[in-house]
Amino acid sequence: DYPEAIFESFDTTPIAAASIGQVHRATLPDGTEVAVKVQYPGIEEAMHSDLKNTKILSLFQKVLFFRTDTKGIMEELETRFLDECNYLQEAAYQEEFYQRFANHPGIVVPRVYHDFTTRRVLTSEFQEGIGFYEWLKKDPSSEERHGIAKLLYRFYIGSLYLDGNFNCDPHPGNYVFRPDGKVAFLDYGCCRPFPAERRALWTQLCSSVYLKDTEMVEKL
C-alpha cells in the first residue's frame, strides 16, 4: 500500500537518516503526529551477504589478538546487525523501554504504534526537540550539564544493570532535548539483553576493581 492509503498525511521528504533507513513525518488517521522509519530496499539481503563474507572474518583475525574468540564476536555482530534489520524486533525492544520509563521524570521513550509497524516500517510517537550539538550551543550551565549526564547514564548504563537490556548505540543523533527539559531517546535497533547472573558478575567485578581486590579480579 502507498503511505497515503494508510496515514492521514505523509511527508515524502525525509526529516532524518537512520542507519539502514530514513525517517518521515506523518499523521495517523486519528491526528496523532508520528515518525515513520522506512528501511532501505535490499538492506537485509546485503547484510546477510556481507556477514557471511570470509574476508571480514579474516580481517578480524588479523587485527584482534590471537586469543580473541573471533568466531564468537562475528556471531554476536551477526545477531545484532540482523536484529537491526527487523523493525518488529526493534519495536519489541522499544516497547520494553517504554514500559520501563513510562513514569520517569526526565527520560522519554516514544510510544510505538504497532498497528502501523511491520518488519521494514516502524511508526512511533513524534518527538519535538533539538539535537545534542544544538543544545550545547545554548551554553547550558554546569548544573544543566550534570543533570543531562545523569539522565544519559541512567538510560544507557542503568538500563544494563537495573533492567537487563543494553541500548548499544549511544550516538548523539539518537536522542533529542525536548522543550520541557526531558530527553527523548529515539533509536532501539541495536539492543542487547543480558541475564541477571551475567550482570551480577559484572557488578562483582567492578566492586573488586574499585577495592583493588586483585585476587578476586583474577578469579572472576
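Preceding this section is the structure that the text describes.
A brief look at the structure comes next. (Residues numbered from 1 in each chain as written. Predicted model: local features only at pLDDT ≥ 70, side-chain atom pairs only at ≥ 80, totals over all residues. Heavy atoms only, no water.)

1. Some thoughts on the nonpolar core
In step 1: In this structure, Phe 97, Ile 148, Phe 155, Tyr 175, Val 183, Phe 185 and Tyr 188 are the most contacted members of the largest nonpolar core, which totals 17 residues.
In step 2: Counting residues per element, the ones that place at least two in this core are helix H5 (87-100), helix H7 (142-163), strand E8 (175-177) and strand E9 (183-185).
In step 3: The leading source of residues in this core is H7, at five residues.
In step 4: Among the nonpolar cores identified, the runner-up in size contains seven residues, and Phe 7, Phe 10, Ala 26 and Val 36 belong to it. (Core = buried A, V, L, I, M, F, W, Y, C linked by side-chain atoms within 4.5 Å. Buried < 20%, exposed > 50% of the residue type's maximum accessible area, 1.4 Å probe, protein only. Helix = DSSP H or I, 4+ residues; strand = E, 2+ residues; numbered from the N terminus.)

2. Considerations on the pattern of salt bridges
Side chains carrying opposite charge are able to pair once their charged atoms draw close together.
In step 1: Applying the stated criterion to the full structure yields seven salt bridges.
In step 2: Across the pair Arg 25 and Glu 33 runs a salt bridge whose closest N-O atoms are separated by 2.6 Å.
In step 3: When its relative accessible area of 41% is taken as the criterion, Glu 33 is described as partly exposed.
In step 4: Across the salt bridge formed by Lys 37 and Asp 187, the nearest N and O atoms sit 3.6 Å from each other. You can see Lys 37 sitting in strand E4 (residues 33-39) and its partner Asp 187 sitting in the loop between E9 and strand E10 (191-193), a full 150 residues away along the chain.
In step 5: Three or more residues joined by partner-sharing salt bridges are found here, namely Arg 25, Glu 33 and Glu 128. (Salt bridge = Lys/Arg side-chain N within 4 Å of Asp/Glu carboxyl O.)

3. Considerations on the pairing of strand E3 (residues 21-27)
In step 1: In terms of burial, E3 is largely enclosed, as five of its seven residues are buried.
In step 2: Bridge count between strand E1 (residues 9-10) and E3: two bridges; the pairing is antiparallel. Note on E3: the bridge partner recorded for Phe 10 is Ala 26.
In step 3: Here strand E2 (residues 16-17) pairs with E3 via two bridges, running antiparallel. In the strand pairing of E3, Ala 16 is matched with Val 23.
In step 4: Connecting the antiparallel pair E2 and E3 is a turn made up of three residues.
In step 5: Looking at chain direction, E3 and E4 are connected through seven bridges and run antiparallel. Note on E4: the bridge partner recorded for His 24 is Val 36. (Pairing = 2+ DSSP bridges.)

4. A short note on the sheet that holds E8
In step 1: Read across the open sheet, the three strands follow the order E5-E9-E8; overall the sheet is mixed. Since the sheet does not close on itself, it has two edges, and those belong to strand E5 (107-108) and E8, each with one partner.
In step 2: With three bridges connecting them, E8 and E9 associate as antiparallel partners. Bridged to Val 176 within E9 is Ala 184.
In step 3: Sitting on the sheet, H7 is in contact with E5, E8 and E9, with an inclination near 25° to E9. (Contact = heavy atoms within 4.5 Å. Axes fitted to C-alpha atoms, helices over the stretch in contact; angles between N-to-C directions.)

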